Amino acid sequence: MERDGRFRLAGKVCAISGIGSGQGQAAAILFAAHGAKVVGCDLRAERAHAVADEANAGADAAGSGGEVVGIDANVFVEAEAERWITTAVDGFGRLDVLYNNAALGDFGMMEDMSLERWRTAIGYELDGVFLGCHYALPHLRRDPADSWSSIINTGSVSGMVSTLLPGMPGGMAHAAGKAGVIGLTRSLAEEYAPAGVRVNSISPGSIDTPSLALADFDADEVLAAVKEKLLIKRRGRPEEVARLALFLASDESSYITGVNIPIDGGWSAT
Ligand SMILES: NC(=O)c1ccc[n+]([C@@H]2O[C@H](COP(=O)([O-])OP(=O)(O)OC[C@H]3O[C@@H](n4cnc5c(N)ncnc54)[C@H](O)[C@@H]3O)[C@@H](O)[C@H]2O)c1
């Protein structure tokens, strides 16, 4: 079949975690509009299904041939993460792109955090990335002379620079977890280059998604302090992050692996 150049993920099967909201939602919609077959999971079944419906309507309107299957799966739970990947491989016969987007942040000061809470917090940042990669990699192996697959992990500006802001509790567990994602990504890129897998991370700054309100990071005081640190004086939009993920998922980024790309309005540059 002739590839339509308008559809940058035509023929690719993608697994995206956390499609129910924010950046994962934007990615599911954009990937399908560019012809990808997507299996997207979320903790919240009704959100996964609603976003799949929205993405499928968009893909139909664009005539891209893309499709999103939304499933209920918690990527912090091994059997559920495995089922997410298996659904993609069984449903569409292959896997080309893994986008580990879902994570949860726990914010608190060192002295207030028990060891148990610390371990859970680190797990919330890293377990979904570990399990996604663990179950997807056998299906992502390629002969690098022929083609490459792509893993996109979600780090954060908090894994690169200290991002403490007034009114916010400490962020050290979140920072450690996200720095872990960035380190895991770099190491995995070297380990799996011989197997034809590109592995990169994206590190959003302050992106306007529902998670900010959940963590009380949408207060005026926090927003004002964030803007102080930014070169582009506004919060990012989920669609802007999705466009970077689309680039890394597509063959347009064929010579990029092992990098962490900030998408943070210049926050990490200052
Ligand atoms: N919003 C920001 O400012 C910001 C900044 C830096 C990094 N990030 C990172 O970006 C990613 C997406 O964040 P967002 O702001 O779009 O969040 P969001 O809350 O808008 O969406 C996250 C979605 O993931 C789902 N989810 C959470 N845990 C899950 C799990 N274990 N299994 C399956 N689904 C799960 C939630 O139900 C939700 O629908 C996260 O990794 C987050 O740490 C966000």
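Thresholds, definitions, all that
- Residues numbered from 1 in each chain as written.
- Predicted model: local features only at pLDDT ≥ 70, side-chain atom pairs only at ≥ 80, totals over all residues.
- Near = placed C-beta within 6 Å.
- Nonpolar A, V, L, I, M, F, W, Y, C, P; charged D, E, K, R; others polar.
- Pairing = 2+ DSSP bridges.
- Helix = DSSP H or I, 4+ residues; strand = E, 2+ residues; numbered from the N terminus.
- Axes fitted to C-alpha atoms, helices over the stretch in contact; angles between N-to-C directions.
- Contact = placed C-beta atoms within 7 Å.
- Parallel < 35°, antiparallel > 145°, perpendicular 65-115°, else oblique.
- Left-handed = near helix turned anticlockwise from the far one by under 90°.
- Expected span 1.5 Å × (residues − 1).
- Buried ≥ 20, exposed ≤ 12 C-beta atoms within 10 Å, placed from the backbone.

### A few points about the site of the ligand
Every one of the 30 residues lining the ligand counts as a neighbour, but Gly18, Gly20, Gly22, Ala103 and Ser211 are closest to it. In terms of residue class, the shell around the ligand is built from 11 nonpolar, 16 polar and 3 charged.

### Some words on the sheet that holds strand S1 (residues 13-17)
The sheet built from 7 strands is open, its strands ordered S3-S2-S1-S4-S5-S6-S7 with parallel pairing. Each edge of the sheet is formed by a strand with only one pairing partner; in this case those strands are strand S3 (67-72) and strand S7 (260-263). Mean inter-strand twist for the sheet, computed between neighbouring axes without regard to direction, equals 15°. Alignment of strand S6 (residues 197-204) against S7, held across 4 bridges, turns out to be parallel. Counted as the bridge partner of Pro204 is Ile263 from S7. Across the face of the sheet, helix H3 (residues 78-92) comes into contact with S1, strand S2 (37-42) and S3 while running at roughly 155° to S2.

### Focus: the packing of helix H4 (residues 115-140) against helix H5 (residues 172-192)
The relative placement of two packed helices is expressed as an angle between their axes plus a distance between the axes. Two elements in contact, H4 and H5, have axes whose closest approach is 8 Å; the angle formed by their N-to-C orientations is 20°. Our classification of the angle between H4 and H5 gives roughly parallel. Here H4 and H5 pass one another in a crossing that is right-handed. Contacts between H4 and H5 involve Trp118, Ala121, Ile122, Glu125, Leu126, Val129, Cys133 and Leu137 from the former and Ala173, His174, Ala176, Gly177, Lys178, Gly180, Val181, Leu184, Leu188 and Tyr192 from the latter. The residue inventory of the contact of H4 with H5, partitioned by class, reads 13 nonpolar, 3 polar and 2 charged.

### Here's the deal with H5
The terminal C-alpha atoms of H5, which comprises 21 residues, lie 30 Å apart, in line with the 30 Å expected from a rise of 1.5 Å per residue. Its buried side turned inward, H5 meets H4, strand S5 (149-154), S6 and S7.

### Side note on helix H8 (residues 238-249)
Over its 12 residues, H8 runs 16 Å from end to end, which matches the ideal 16 Å to within 8%, given 1.5 Å per residue. On its buried side, H8 packs onto S1, helix H1 (22-33), strand S4 (97-100), S5, S6 and S7.

### As for the pairing of S2
Of all 6 residues making up S2, 6 are buried, and the element is well covered by its neighbours. Here S1 runs beside S2; their pairing, made up of 5 bridges, is parallel. Residue pairing for S2: Cys14 is matched across the bridge by Val38. Across 6 bridges, the pairing between S2 and S3 is parallel. If you follow Val38 over to S3, its bridge partner there is Val68.

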